[in-house]
Amino acid sequence: MHAFDVLGDPVRRRILELLADGEMTSGAVGEVVRAEFGISQPAVSQHLKVLRENGFATVRPEGTRRLYAVRSAPLRDVDAWLDRFRRFWTPRLDALATELARGGRERRLRGADDPPRRTT
């Protein structure tokens, strides 16, 4: 399965978001995903299996529990593929950051009590 097929599913993306914060038991993942998406535990298990089989997640037993974690290599591959497209949004985000910084600096120089200036 292609990486974007794996990531194209909102449930699998949410599972990866949860695992990005650290290892989680399959039960804990299932609890959150079932509450948010209204799917069954077997369906959650199937999504975990897809993530595991496609290299996006690892699992390790700890006693009777199974701990899942993100595996970053496939995400780095996706990031590398996206790199060729960053030129479309990076300059705009840089310009936005500059404007936000400029506005913050102007507010600090004016002081909190002065009314904001209007520019047209």
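Residues numbered from 1 in each chain as written. Predicted model: local features only at pLDDT ≥ 70, side-chain atom pairs only at ≥ 80, totals over all residues. Heavy atoms only, no water.

*Asks:* Run through the sheet that holds strand β2 (residues 57-62), naming residues and quoting values.
*Replies:* In space, the three strands of this open sheet follow the order β1-β3-β2, with antiparallel pairing throughout. Looking at the sheet topology across the chains shown, the edges are occupied by β1 (24-25) and β2. As defined by bridge partners, β1 adjoins strand β3 (residues 65-70) across two bridges and the pair is classed as antiparallel. Note on β3: the bridge partner recorded for Thr25 is Leu67. Along the sheet, helix α2 (residues 10-20) contacts β1, β2 and β3; its crossing angle with β3, the most-contacted strand, is approximately 95°. (Pairing = 2+ DSSP bridges. Helix = DSSP H or I, 4+ residues; strand = E, 2+ residues; numbered from the N terminus. Contact = heavy atoms within 4.5 Å. Axes fitted to C-alpha atoms, helices over the stretch in contact; angles between N-to-C directions.)

*Asks:* How would you summarise helix α4 (residues 41-53) if you had to cite specific residues and measurements?
*Replies:* The terminal C-alpha atoms of α4 lie 18 Å apart, and with 13 residues this matches the ideal 18 Å at 1.5 Å per residue to within 8%. Taken residue by residue, α4 has Val44, His47, Leu48, Val50 and Leu51 as its buried positions. On an axial view of α4, the arc spanned by its buried residues comes to 155°, and they lie on one face. Facing away from the buried surface of α4 by more than 90 degrees, the exposed residues are Pro42 and Glu53. Residues of α4 that are buried make contact with α1 (3-7), α2, α3 (26-37), β2 and β3. Just past α4, the residue Gly55 takes up positive phi, approximately 80°. (Expected span 1.5 Å × (residues − 1). Buried < 20%, exposed > 50% of the residue type's maximum accessible area, 1.4 Å probe, protein only. Arc of directions from axis to C-beta.)

*Asks:* Explain the pairing of β3 to me, and be specific about the residues and the numbers.
*Replies:* Of the strand pairs in this sheet, β2 and β3 are connected by six bridges, and their pairing is antiparallel. Bridging across to β3, Ala57 finds its partner in Val70. Here β2 hands over to β3 after two residues, with Gly63 in that stretch at a positive phi of 65°.

*Asks:* Please set out the packing of α2 against α3 residue by residue, giving values where relevant.
*Replies:* Here α2 crosses α3 at 135°, and the two axes come no closer than 11 Å. Overall, the two elements α2 and α3 adopt an arrangement that is oblique. The handedness of the crossing between α2 and α3 is right-handed. Taking contact as the criterion, the partners of Pro10, Val11, Arg14, Ile15, Leu18 and Leu19 in α2 are, on α3, Val29, Val32, Val33, Glu36 and Phe37. Taken together, the residues that form the contact of α2 with α3 break down as nine nonpolar, no polar and two charged. (Parallel < 35°, antiparallel > 145°, perpendicular 65-115°, else oblique. Left-handed = near helix turned anticlockwise from the far one by under 90°. Nonpolar A, V, L, I, M, F, W, Y, C, P; charged D, E, K, R; others polar.)

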